[in-house]
Amino acid sequence: MALTGVSAAVGRVLSRNKTRKPVLNTTRPEKKNSATHHQILEQLEGGHISKAVSLLFPSLEPVSYWLYERLLRSCSSKSLVVQARKVVSHLVTFSPLPPTFLLNRAIETYGRIGCLSDARELFEQMPERDGGSWNALMTACAKGRDHEEVFRTFVRMNREGIRATETSFSGVLKSCGVVLDLRLLKQVHCSVVKAGYCGNLDLETSVVYVYGKCGVMSDARRVFDEMERPSDVSWNVVVRRYVEMGLNDEAVVMFFKMLEMNVRPLNHTVSSVVLACSRSKALEVGMVIHAIAVKLEFVPDTIVSTSVFDLYVKCGRLESARRVFDQTESKDLKFWTSAMSGYAMNGITRDARELFDLMPERNVISWNAMLGGYVRASEWEEAMDFLTLMRKEMEGIDNVTLVWILNVCSGVSDVQMGKQAHGFIYRHGYDTNVIVANALLDMYGKCGAFGSANALFRQMSELRDEVSWNALLTGLGRVGRSEQALSFFEGMQLEAKPSKYTLATLLAGCANIPALSLGKATHGFLIRNGYDVDVVIRGAMVDMYSKCRCLNYAIQVFEEAAAATRDLMLWNSMIRGCYRNGRSKEVFELFMLMEDEGVKPDHVTFLGILRACIREGHVELGFRYFSSMSTKYFILPQVEHYDCMVELYCKYGCLRQLEEFLLLMPFDPPVQMLTRMYEASKKYGWSKLGAWTAKRLHE
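Criteria and thresholds
- Once a new chain begins, its residue numbering starts again from 1 and follows that chain's sequence as written.
- A pLDDT threshold of at least 70 governs which residues receive local features in this predicted model, and a stricter bar of 80 or more applies before side-chain atom pairs are shown or counted, although totals over entire chains, interfaces and linings include all residues.
- Derived side-chain values reflect all non-hydrogen atoms in the structure, with water molecules and hydrogen atoms excluded from consideration.
- Each helix is a run of H or I in the DSSP string that is no shorter than four residues. Each strand is a run of E no shorter than two, and both are numbered from the N terminus.
- We take the radius of gyration over the C-alpha atoms and set the globule estimate at 2.2 Å times the residue count to the 0.38 power.
- Type-normalised accessible area, obtained with a 1.4 Å probe on protein chains alone, sets the label of each residue: buried when under 20%, exposed when over 50%, and partly exposed for intermediate values.
- In this description, accessible areas are obtained by the Shrake-Rupley approach with a 1.4 Å probe, and a residue is regarded as covered only by the protein chains that are shown.
- When charges are counted, Lys and Arg are positive and Asp and Glu negative, with His and the chain ends excluded.
- In plain terms, the charge of a residue is placed at NZ if it is Lys, CZ if Arg, CG if Asp and CD if Glu.
- A contact between two residues is defined here by any heavy atoms of the two lying within 4.5 Å.
- The patches described consist of residues with a relative accessible area above 30% and no salt bridge, like charges being joined within 9 Å and nonpolar side chains (Val, Leu, Ile, Met, Phe, Trp, Tyr) within 5 Å.
- For this document, the term salt bridge refers to a Lys or Arg side-chain nitrogen within 4 Å of an Asp or Glu carboxyl oxygen.
- When two rings of Phe, Tyr or Trp (its six-membered ring) have centres within 6.5 Å they constitute a pair, described as stacked for plane angles under 30 degrees, edge-to-face for angles over 60, and tilted for the intermediate range.
- A ring is considered to have a charge above it if a Lys NZ or an Arg CZ atom is located within 6 Å of its centre and within 35 degrees of its normal.

Caption draft 1: Spatial organisation of the overall build of the protein. The helix and strand tally for the protein stands at 41 helices and 0 strands. A compact globule built from 699 residues would reach a C-alpha radius of gyration of about 27 Å, whereas the protein, at 36 Å, exceeds it by more than 25%. Considered along the principal axes of its C-alpha atoms, the protein spans approximately 130 × 60 × 55 Å. The buried share of the protein, reckoned over its 699 residues, is 48%. Here the protein has roughly 34,600 Å² of accessible surface; of this, 52% comes from carbon and sulfur atoms. Taking the 83 positively charged and 78 negatively charged side chains of the protein as two groups, their mean positions are separated by 4 Å.

Below, the structure written as structure tokens:
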């Protein structure tokens, strides 16, 4: 029989059988063809599935049902589409009424080998269906990733009066977990309850799992708490869902409750909870879980060891991390890469390189992780040397490699190397990858090649996204091309919703021009569109209003922030705004309030305070603040702070104090300081200091 006619033949035979009264045929064909059976089994045991299937057709009689089932199972295991169709064709052609269970197996086989249309057609032409038939079709649809068809089949099954079984609900819940449709999930959950499966642990665990996948941990926890005796799987599921949702504290609490109930965690669960500790930098709790993992003999497991290693690296316990690495006996490539990447991504590039050089084998992920470590640490010379090594030893690269290479070009401001990378990207088709294209755009912006950046941006018309706009606007804002950045922002609103990062860049542009009206418009845009005004946006607004000489608005924005959300950068922005706008007295009030809220100042804070002292003429107060930097706050004064003190003494004629201050200076005064001191000496008639500075200026 021609293969193209197999499906049609099946349809004709089953349609013919529909006209008869459906009878469940549980009898098996008589064993008249035992020789054929023997030959087919011999070929199957030898792994010759195609040959076994071909032996069916010389016989014009059906073989035993169990043999059909075995043939279907063999075709399924090897994904043999043609052979599976032949087996089904032989079954329906030579069996008067194929048993429903066997047709169900055929539907499952079609689903496993990716022939969803064949599975649907066979299902529709079955003379009689049972619950297993519907489940088989839903399973086939799920395998084919046609989850909408799973839901339609489930609804149709209910309408035809077929009672959904545990298998039916399990399949539908899995599809809910893929499409993440919360409304649909709640309907299925309701059906599970109505069908009387409330006490079914497997289904209730699936409901918990899918609620967690949909991001509704409150409902997931409610279902979990209603379970009379949660199974080990249920506990593991709820803990891991908490971790995936970023609810680290809740995950740890549930993990310890799980241990109290004498439930043994899975290795993935232990790994997930250690990850939660790593995110929260909860070292002590993580060490306790590490001890539990040792007691439960999970430490040899590379999944757990990798998480424990990462915890110690992120918490700065490098010796402990290395000890975990050395104690793990079976280190696969993934563990080597994870360990090396843990060091690299946390800026510990020397240890990362040591592990990299010891790796018995490497893949592109390993190379990318090491290069990424150098980039994150801004170690450009090492990155360039590593690129040379990659060129010699590495066979293939991917889009991640190209992104890191472009970051190196940006870091060393080598636009020519960037253009060479651009040529490679174009020749090998990576220019259609939006991540690579955005990295290329960012590189041109950071290197100041705005002609190339603009040309690339226009070429990306179908590809560009929010990140593309951000890269362009950031590049323009960085070099002060604020008017051009603002012009591009107007065009951006036609294509993409601006992110908070974009709006912060735009506010910085308004501050540089300055452009108060557009800055206010951007502020209004943020409020009207419901953006979360976080500390970064708030700082950008304070800075913009300050530079636009609208300090009252800046103060209002600052005061709207809750005390707990005002970080050091926001305080520094407000202090800078006050002294720039001639309201230096308020700088000292802000500093006291800042201390009251427990925010520790830095060198930028003191730069603002000293400049306020210069404006207000507080010479003694300025020196006290300068001295407190090292004595009280343990901040080493920088050249800028010494320069402020020199300016303070010179401006108000305190040249005796200046001479004493020069004795404390740990470096030779630069030309700018010497010039200022020379002019002050002439103005106030301080000849000794004037002669000394004149001599130093002429050296």
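Caption draft 2: Region of interest: the environment of T502. Mapping T502 onto the fold places it in helix α30 (residues 500-512). According to the relative accessible area criterion, T502 is buried, its value standing at 0%. As for T502 and L456, which are separated by 46 residues in sequence, their C-alpha atoms are 19 Å apart. Beyond its immediate sequence surroundings of up to four residues, T502 is in contact with N470, L473, F489 and M492.

Caption draft 3: Expanded view of a nonpolar patch on the surface. Where nonpolar side chains cluster on the molecular surface, the patch consists of V671, Y678 and L697 and spans about 250 Å² of accessible area. The topology assignment puts L697 in helix α41 (residues 687-697). Using a relative accessible area of 31% as the deciding quantity, one classes L697 as partly exposed.

Caption draft 4: Representation of the packing of aromatic side chains within the structure. On inspection of all chains with the given rule, the structure shows 27 aromatic pairs. Ring centres 4.8 Å apart and planes at 80° place the aromatic pair F457 and W469 in the edge-to-face group. Of the two residues, F457 is situated in helix α27 (residues 450-459) and W469 in helix α28 (residues 466-478); the sequence distance between them amounts to 12 residues. Judged by its relative accessible area of 3%, F457 is buried. W469 gets classed as buried once you look at its relative accessible area, which sits at 4%. Here a set of aromatic residues connected by ring pairs shows up, and it is made of F309, F325, F335, W336 and Y343. If you follow R129 out to its NZ or CZ, it ends over the ring of F123, 4.4 Å from the centre. Here the basic side chain of R464 rests over the ring of F457, its NZ or CZ set 4.4 Å away from the ring centre.

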